[in-house]
Amino acid sequence: MSNGPHHTRPRQPADRPTDDAADRGSDDAFADSPIDRRTFLSLSATTGAALALPGSATADVRGEPMTDEFEFVVNHTPEGYEAATVIEFADRAALEAFAADYEETPDPDLSRPPKAVTRASPTPAAHAHLTADEVTAVLEIDGVERLDVSPGANPWWKLEAPYVDGVFPPVEEARSFVSYPEVGRGIAHLEATCPDRVRVHTLEESPGWPNRYTGTDPDPQDIYVVDVTNDVRDAASFADKETVVYSLSIHGDERAGVETGARLLEDLARGEADGFEDLLDDIAFVFVFTNPDGWVAREPEFDIPRGETRLNFRRGNAADVDTNRQYPTMGWVDPAFWPAEPDGAPDDYDDVVPDSIAVVDHLREYENVTYLCDYHGMYAAEHMVFNLETNAPLDHDGTHDLDEANIRIGEGMAAHWGGVEAIADDIERACEEQYGASDYVPDGLFDYGTVYDSLAYQVTGSLLGWAGQPTEYGGLGAITVVPEIIFANHTPDARIEWKPYIERHLVTAYRISMREYAEMTAAETDATIATGGQDTAYVTTDELTRSSADLPYTDHHPGKGRGPGRGRATEVHSRHEVVRSGPADRGTVGTETTDSSHSLSVRFTGLGAASDGHIRIIDPDGTTVHEIDLAAKADPDDPTTRPHDFEGWFRQRPDAGRWDVEVESDADIEVEMTVLDTDDEYPDPRAVLGYEQREYTVNPMQFFADLSDHLEDGDMDAFRVRDVCNRRLLRGNSGKRHYDKLVVSHDVGLDNPRYIAAIESFVAAGGDLVLTDTGVHLLGALDVGDAAAIDPADLETVTVRFATLEDRDFEHPLLDGIRPRQQELWKGPQLGYTTGADQPATIVDGDAFDAAGGRAAGTTDDGVSVGTLTAGDAEINVLGSVLPPAQQTVLHPFGMADYSLSFMGHTLVCNALGFEQRRYRDGDLVRTYGEIR
């Protein structure tokens with residue numbers, strides 16, 4: 001049941017147009033069919049065919065050896081469709097007669113699997129991809145005893161003795177992509193034959209695609225989780241082991257995760273995983289097959305509301321949501337999403353995100369998840385693989401562990417291939433075949449950064465955003481990362497076909513990735529900070545503290561203060577429409593906002609099928625505030641710009657009036673517009689999402705308290721403004737410093753002359769000053785060194801969409817250890833910042849900074865946001881946006897983070913302090929960043 005009294009949002013997916021067959025009744029079409037309705041639905045899991053409704057057959061092939069299922073598939077697929085067919089023969093002579101016409105020598109270029117393969121025992125059999133006409137011809141061969149549909153990689157998985165040569169064949173020998181039912185049967189076999197190493201969990205089912213012609217019940221799929229380790233059933237031993245989790249193809253069209261993970265799982269089970277075997281006493285491997293609906297959704301009998309279904313996998317689940325946006329992450333939650341928190345989820349969540357709820361519930365049972373890696377895919381890109389640092393708040397150790405893993409993956413790929421040129425011919429060929437784009441070769445094998453750094457956007461509600469947050473906030477406390485690999489997504493004209501020549505490289509790359517994360521899980525790691533004996537003070541204040549007790553709809557008080565406990569009505573209005581492509585190729589969807597509207601969220605679905613047109617969001621004044629050029633996105637000569645199938649736009653406090661979404665497209669586009677109305681500044685999650693507010697008290701100055709635990713030498717102490725005013729930074733009246741560094745991250749005390757004078761005295765005595773965020777405004781008040789030339793009018797706190805650093809000077813000491821790809825300073829969603837322009841940065845006018853004698857390291861919004869000024873022997877380092885306070889004016893039912901620095905932001909702070917970061921693995925110093933100043 002819903003937890004709140006104001007739960008007014010329509011929490012069911014909107015009704016969608018169906019074909020006329022739906023109006024004829026759910027049973028009529030099956031009246032004379034050789035199979036029943038349920039069998040029809042179950043074929044979703046066993047064929048890649050575009051199945052037609054019974055009674056609308058495209059062929060009429062019949063014969064005693066054909067199973068009912070195979071007969072239906074062959075007769076209800078498009079002309080020329082090749083069904084994955086397994087054939088059993090009465091004797092060797094019949095097999096040889098078939099082989100003479102259909103068996104092929106494997107293609108040495110690995111462009112496709114052979115037309116047919118054969119085996120002689122335990123029964124003579126063949127596997128082939130056959131059209132209806134070819135099936136007719138095969139039926140004329142004497143001694144054909146059985147024909148059945150058999151999709152997947154292993155040709156024999158439906159026959160007797162299916163695993164003589166292994167469960168999941170090598171890429172070079174596979175018949176196609178691994179199929180979902182093949183995995184279910186295969187992992188059951190591995191559990192039965194390797195019970196000391198393999199344990200299979202079957203979780204709650206996915207939503208399942210309903211039949212769009214008949215209106216019948218959906219066909220949900222089980223979710224599989226597989227544990228692999230030595231003594232896997234010894235509960236105490238398992239609980240003590242560090243765990244690495246591999247999430248496989250949470251987006252159903254991104255196949256490399258499944259293809260790699262299934263094969264590694266088998267090798268681990270059989271003791272044949274080179275590079276992994278020595279780890280099984282110390283760590284546990286967990287494989288999660290996250291999104292079965294996206295895997296099996298190639299069939300038109302399912303209620304897929306848009307696009308072509310016969311050729312490709314699907315990104316999301318059968319509830320038509322992106323499953324990687326529905327997890328209960330701390331910080332900002334888009335009101336259009338369905339955060340799958342098992343504890344207290346309203347009933348209707350079970351219809352939309354039962355798969356995500358089941359995954360969260362199950363993974364919380366694991367004691368020691370060290371890494372969780374969610375394997376994805378992309379189009380073409382500047383590198384073969386990107387690793388994305390997720391939005392989880394990492395501490396000093398976690399920041400360094402993730403960076404070290406990334407470095408080792410890059411080194412592993414380089415050790416295997418030498419460079420991208422070793423596989424350039426295969427990459428160029430695959431891009432031409434899949435996207436129609438020529439002359440594409442990535443710049444390199446591997447690179448890494450945040451989600452924004454690599455893909456130019458940010459997300460909330462991701463699996464890894466949830467898994468990486470602390471256990472006290474419902475997460476797993478894991479180090480989380482998203483690997484992305486090329487050639488996973490499809491354009492409108494591209495079919496994701498099994499091409500062994502390129503798939504072998506994708507699987508190899510992800511196998512290297514999985515190995516490095518496993519080795520990092522097993523390793524003893526540590527990261528420290530050397531200060532050269534220097535002591536640091538930082539100025540903290542309650543004005544940076546944000547607490548759930550401050551919210552108007554709470555009565556509890558986990559921190560200081562008590563919320564007033566009042567609850568004004570909060571309402572959510574959603575409009576969900578499909579804009580059909582047609583002769584005019586234009587449609588408009590609109591919604592009204594008022595002065596009470598807190599936010600407007602617009603979600604688009606189906607963009608991946610579009611190749612021409614525009615989508616425009618138009619505000620009440622008639623101004624286009626956001627535009628997607630579908631033709632540019634679909635340009636085959638620039639495949640890096642392809643959109644995801646799901647995209648969104650968000651604005652807080654939209655102007656009152658009518659907002660329109662204008663769609664011109666050659667494909668059906670779904671538009672969902674969600675308006676959240678409330679008279680309060682803070683929306684009540686009980687009313688919008690059905691969840692109680694989780695308690696929290698956060699302050700970004702916790703970063704320094706956490707960092708102090710890693711100091712090799714020196715102290716790091718917190719001070720209040722009054723402590724600074726009382727000259728505690730200096731040693732009495734001696735003029736000597738008690739501390740070497742001072743950090744100020746806020747403008748509290750800016751109007752206090754005693755405070756400013758104390759800081760000036762500290763700097764004049766040779767103490768280094770680090771000003772971050774609104775603390776940069778102190779430059780306008782300080783009369784010391786270069787800062788004396790900075791006027792308050794030269795300073796401004798602006799809001800930007802993403803807090804990034806541009807125009808960088810990589811020779812500047814503050815950027816020591818920073819790579820060109822790294823731009824994002826901190827990651828906004830888990831601090832309550834959205835993808836609108838609401839992230840704060842304090843900047844200095846560039847001309848004024850230069851005139852004062854400063855040296856800029858980078859800019860934000862055309863102002864200096866990172867740079868250095870001097871004052872005698874002292875440095876004044878400026879970091880205009882790294883540690884902002886949390887923003888509470890958005891939905892955030894699952895709490896907030898204290899801070900969410902990227903590796904870049906973390907390193908900037910350490911460099912600004914003049915510290916050296918030291919990284920250890922198994923007791924050995926392996927890397928340093930920065931230098932002691």
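A brief structural summary. Owing to the predicted nature of the structure, the values given are computational and were not obtained by experimental measurement. Numbers given to residues run from 1 along each chain, matching the order in which its sequence is written. A pLDDT threshold of at least 70 governs which residues receive local features in this predicted model, and a stricter bar of 80 or more applies before side-chain atom pairs are shown or counted, although totals over entire chains, interfaces and linings include all residues. Based on all heavy atoms of the structure, the side-chain values leave hydrogens and waters out of the count.

**Points about the sheet that holds strand E20 (residues 624-629)**
One open sheet holds the four strands; their spatial order is E17-E22-E19-E20, and the pairing between them is antiparallel. The outermost strands of the open sheet, each flanked by one partner alone, are strand E17 (587-593) and E20. For this sheet the average axis-to-axis angle between neighbouring strands, irrespective of direction, equals 15°. Note: E17 against strand E22 (residues 657-665), seven bridges, orientation antiparallel. Looking at E22, one finds that Thr593 is bridged to Gly657. One bridge is not enough; two strands pair if DSSP finds at least two bridges between them. Here a helix means four or more residues in a row that DSSP labels H or I, a strand means two or more in a row labelled E, and each is numbered from the N terminus. Whenever a helix is involved, its axis is fitted only over the stretch in contact; in every case the axis is a line through C-alpha atoms, and angles between N-to-C directions fall within 0 to 180 degrees.

**Some points on a negative patch on the surface**
Within the patch definition used here, like charges are joined within 9 Å and nonpolar side chains (Val, Leu, Ile, Met, Phe, Trp, Tyr) within 5 Å, considering only residues with over 30% relative accessible area and no salt bridge. For accessible areas, the Shrake-Rupley method is used with a probe of radius 1.4 Å. Any residue's cover is judged against the shown protein chains and nothing else. Should a side-chain nitrogen of Lys or Arg be within 4 Å of a carboxyl oxygen of Asp or Glu, the pair is scored as a salt bridge. When charges are counted, Lys and Arg are positive and Asp and Glu negative, with His and the chain ends excluded. By convention, the charge on Lys lies at NZ, on Arg at CZ, on Asp at CG and on Glu at CD. Judged by side-chain charge, Asp196, Asp231, Asp234, Asp240, Asp278, Asp281, Asp282 and Glu367 come together as a negatively charged surface patch. Take Glu367: it is sitting in the loop between helix H10 (354-363) and strand E9 (369-375).

**Details of the environment of Arg270**
Note on placement: Arg270 falls in helix H7 (residues 256-270). Residues Arg270 and Gly166, 104 residues apart in the sequence, show an inter-C-alpha distance of 9.7 Å. Throughout, a residue-residue contact means that at least one pair of heavy atoms, one from each residue, lies within 4.5 Å. Setting aside residues up to four positions removed in sequence, Arg270 forms contacts with Tyr163, Gly166, Val167, His189 and Leu190.

**A word on unusual backbone geometry**
Cis geometry is found at the peptide bond from Ser121 to Pro122, where omega equals 0°. With respect to the element layout, Pro122 can be found in the loop between strand E2 (116-119) and strand E3 (125-130). Despite not being glycine, Asp807 has its phi angle at roughly 50°, a positive value. Within the element layout of this structure, Asp807 appears in the loop between strand E28 (795-800) and strand E29 (839-844). Exposure remark for Asp807: the relative accessible area of 60% places this residue in the exposed category. Classification of residues uses two cut-offs on accessible area relative to the type maximum, computed with a 1.4 Å probe and protein chains only: under 20% is buried, over 50% is exposed, and between them is partly exposed.

**Quick notes on the packing of aromatic side chains**
By convention, a stacked pair of Phe, Tyr or Trp rings (six-membered ring in the case of Trp) has centres within 6.5 Å and planes under 30 degrees apart, an edge-to-face pair has planes over 60 apart, and any other such pair is tilted. This structure, assessed with the given rule, holds 30 aromatic pairs. Their ring planes at 50° and their centres at 6.0 Å tell us that Phe238 and Tyr366 sit as a pair that is tilted. Pair noted here: Phe238 is in helix H6 (residues 235-240) and Tyr366 is in the loop between H10 and E9, with a separation of 128 residues, a long-range link. Assessed through its relative accessible area of 10%, Tyr366 is described here as buried. Each ring is checked for a lysine NZ or an arginine CZ that lies within 6 Å of its centre and within 35 degrees of its normal; such an atom marks a charge sitting over the ring. It is Arg429 that lies over the ring of Tyr501; its NZ or CZ is 3.8 Å from the centre. Geometry around Tyr448 places Arg819 over its ring, the cationic atom sitting 3.6 Å from the centre.

**Thoughts on the pattern of salt bridges**
Within this structure, the stated rule accounts for 48 salt bridges. When the shortest N-O distance is used, the salt bridge between Arg325 and Asp322 registers 3.9 Å. Pair check on accessibility: Arg325 and Asp322 agree, each one buried. The closest approach of N and O atoms between Asp740 and Arg737, which form a salt bridge, is 2.9 Å. Relative accessible area serves as the criterion here: at 21%, Asp740 is assigned to the partly exposed category. On the accessibility criterion, Arg737 (24% relative accessible area) is partly exposed.

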